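Each chain, letter by letter, is given below.
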Amino acid sequence: MKDQADRLSEQQRTHLLGVIVDEAEQLARVTSNTLQLARLDSPGLNLNLDWESAEEIVGAVLRRARQRDARRAIVAQVDGSIPLVWCDAVLLAQMLDNLVDNAFKHGTSVMPVEIVARCEDEILLLAVQDRGQGVPEALRERVFEMFERVDQAGDTTLLSEQGVRRGAGLGLAVCRTIARVHGGELTLTARAGGGSSLECRLPMGTPPAVFAASGWGAA
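Let me sum up the structure you'll find in this document. (Residues numbered from 1 in each chain as written. Predicted model: local features only at pLDDT ≥ 70, side-chain atom pairs only at ≥ 80, totals over all residues. Heavy atoms only, no water.)

A word on the nonpolar core
So the rule is basically this: The set of buried Ala, Val, Leu, Ile, Met, Phe, Trp, Tyr and Cys residues whose side-chain atoms join them within 4.5 Å is what this entry labels a nonpolar core. Partly exposed residues are those whose accessible area sits between 20% and 50% of the maximum for their type, while under 20% is buried and over 50% is exposed, using a 1.4 Å probe and protein chains only. A contact between two residues is defined here by any heavy atoms of the two lying within 4.5 Å.
Residues M95, L96, L99 and L126 are the most contacted members of the largest nonpolar core, which totals 44 residues. Discounting chain neighbours no more than four positions away, the residues touching L96 are I57, V58, V61, L126 and V128.

Focus on the packing of helix 3 (residues 89-106) against helix 4 (residues 171-181)
For clarity, the threshold we go by: Only the contacting stretch of a helix is used when fitting its axis, a line to C-alpha atoms as for every element, and angles between N-to-C directions run 0 to 180 degrees. Numbering of helices and strands starts at the N terminus; helices are DSSP runs of H or I of at least 4 residues and strands are runs of E of at least 2. Crossings are sorted by hand: turned counterclockwise from the far helix by less than a right angle, the near helix makes the crossing left-handed, and turned clockwise it makes it right-handed. When residues are sorted by character, Ala, Val, Leu, Ile, Met, Phe, Trp, Tyr, Cys and Pro go into the nonpolar class, Asp, Glu, Lys and Arg into the charged class, and all the rest, Gly among them, into the polar class.
Between helix 3 and helix 4, whose axes approach to 9 Å, the crossing angle comes to 145°. For the crossing formed where helix 3 meets helix 4, the hand is left-handed. Along its contact with helix 3, which presents L91, L92, Q94, M95, N98, L99 and N102, the element helix 4 presents G171, L172, V174, C175, I178 and A179. Here the residues of the contact of helix 3 with helix 4 sort into nine nonpolar, four polar and no charged.

Description of unusual backbone geometry
Generally, phi is negative for residues other than glycine and the peptide bonds are trans, each holding for most cases. Not every positive phi belongs to a glycine, and D121 is a case in point at roughly 60°. By secondary structure assignment, the location of D121 is in the loop between strand 4 (113-120) and strand 5 (123-129).

Okay, here's the thing in structure tokens:
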């Protein structure tokens, strides 16, 4: 772009600008995940915990995902009766952002990625689901290891336009760490009909009486 701008057509310039933006966003995501892993593994970690609305966290993630790639379909199914959750909202949002990014990479572009939030007794389930090729059962724990990338035969979804393998294998490692510092767990299961469901289960705790009395977080 810098050296040959006068020789490029408008279409070529538009294409190259798109590649630059895409790669810059990918680099920013890798950098953020690397810094977050270092922070979460440090001794004396202090989370910014508060009573937060799962519906608002999911809504923010949904908006960012649509802005990031308007071509990809994404929907949310949020139980409106979820009470407030004791959590670090920024970390949970980053976890969901990473899970959505993973689903966009591995899922089919035909079927929408789904974000699910609902109560299971005293547990909050946050899940991101796709309709991609899925991951063989024997490899489902490996995807959470640092620098581990599990490729399916013939899967080209993680190749850049130049044929370079993308991703550093950090996103899901960060997600599991975020779940665990909240006292929860992140697992990968196969979906009936094909695809994967990355499911985070977190203890919700009991919101203070002032929130319960005001109906905050209720449908």
